[in-house]
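# Understanding the architecture of this molecule
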Amino acid sequence: MYGYNMLRKIDFISGCPVAGCENSKAKLDWSHEDCGYRETINENGIVECKNGHNLGEFFLLKYKCNGHSNGFQYGNFSAFAAALSVIAEFNTDFSAKLTEKLLQAYQAKRLPGQ
Ligand SMILES: [Zn+2]
Ligand SMILES: [Zn+2]
């Protein structure tokens, strides 16, 4: 039997949520900078790496990729929406849940990059 805390999680593969990044709709396989392990994201939007580190909610993290030049940056709302739409290509339900989390955070003014 499953407890209420049995949240599903998937490998965290998405576009880059940094405004203006040319990888906004690429399939980027995110890794934890500190340890190098791949990251996962659960349906509540919590990111962990496969080395057991809890990194917190995806919209509070900074992102770095080779499609933008200024290193680690916060995402913004519209760029996150595009980045999460990449997830819909392989998991529509998960993409919808994360987009809902993003919208809630935006409305609560919890996005640090705005
Ligand atoms: Zn880690
Ligand atoms: Zn980027």
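Everything numeric here is computed off the predicted structure, so don't read it as measured data. In this numbering scheme, every chain counts its residues from 1 along its sequence in written order. Naming scheme: in the order in which they are written, chains are lettered from A and ligands are numbered from 1. Local features in this predicted model are restricted to residues whose pLDDT is 70 or higher, and side-chain atom pairs enter the listing and the counts only when it is 80 or higher, whereas totals over whole chains, interfaces and linings include all residues.

With that settled, consider the overall build of the protein chain. The secondary structure content of the protein chain amounts to two helices and eight strands. Runs of H or I in DSSP of at least four residues are treated as helices and runs of E of at least two as strands, each being numbered from the N terminus. For the protein chain, the α and β elements follow one another from N to C terminus as β-β-β-β-β-β-β-β-α-α. The globule rule used for comparison is 2.2 Å times the number of residues to the exponent 0.38, while the radius of gyration itself is calculated over C-alpha atoms. Here the C-alpha atoms of the protein chain give a radius of gyration of 13 Å, agreeing with the 13 Å that 2.2 N^0.38 yields for 114 residues. By principal-axis analysis of the C-alpha atoms, the protein chain measures approximately 45 × 35 × 25 Å. With C-beta atoms placed from the backbone, the exposure class of a residue follows from how many other C-beta atoms lie within 10 Å of its own: 20 or more, buried; 12 or fewer, exposed; in between, partly exposed. Burial statistics for the protein chain: of 114 residues in total, 25% are counted as buried. For the protein chain, restricting intrachain contacts to residue pairs at least 6 apart in sequence, the fraction spanning at least 24 positions comes to 49%. Note that contacts rest on C-beta atoms placed from the backbone: two residues are in contact if these are within 7 Å.

Here we come to the pairing of strand S6 (residues 54–57). Paired strands are those between which DSSP finds at least two bridges. Sheet topology places strand S5 (residues 46–49) next to S6; three bridges connect them, and they run antiparallel. Its bridge partner lying in S6, Glu 48 is registered against Asn 54. Between S5 and S6, which pair antiparallel and follow one another directly, the connecting turn spans four residues, one of which, Gly 52, has a positive phi of 90 degrees.

Right, let's get into the sheet that holds S5. The antiparallel open sheet is built from four strands, whose spatial order is S1-S4-S5-S6. Here the strands that pair on one side only, and so sit at the sheet edges, are strand S1 (9–11) and S6. Taking each pair of neighbouring strands and ignoring which way they run, the sheet shows an average axis angle of 25 degrees. Throughout, an axis means a line fitted to C-alpha atoms (over the contacting stretch in the case of helices), and angles, computed between N-to-C directions, take values from 0 to 180 degrees.

If you trace the backbone, His 53 turns up in the loop between S5 and S6. Along the sequence, His 53 and Glu 39 sit 14 residues apart, while their C-alpha atoms lie 9.1 Å from each other. Apart from residues no more than four positions distant in its own chain, His 53 is found in contact with His 32, Cys 35 and Glu 48.

A set of buried Ala, Val, Leu, Ile, Met, Phe, Trp, Tyr and Cys residues, joined through C-beta atoms within 7 Å, is what we mean by a nonpolar core. Residues Cys 16, Phe 80, Leu 84 and Leu 102 are the most contacted members of the largest nonpolar core, which totals 19 residues. Put simply, the parts of the chain that give this core at least two residues each are helix H1 (77–85) and helix H2 (92–107). Counting residues per element, this core draws most heavily on H1, which supplies four residues. With sequence-adjacent residues up to four places away left out, Cys 16 is seen in contact with Cys 21, Asn 23, Ser 24, Ala 26, Leu 28, Tyr 63, Cys 65, Gly 67, His 68 and Ala 83.

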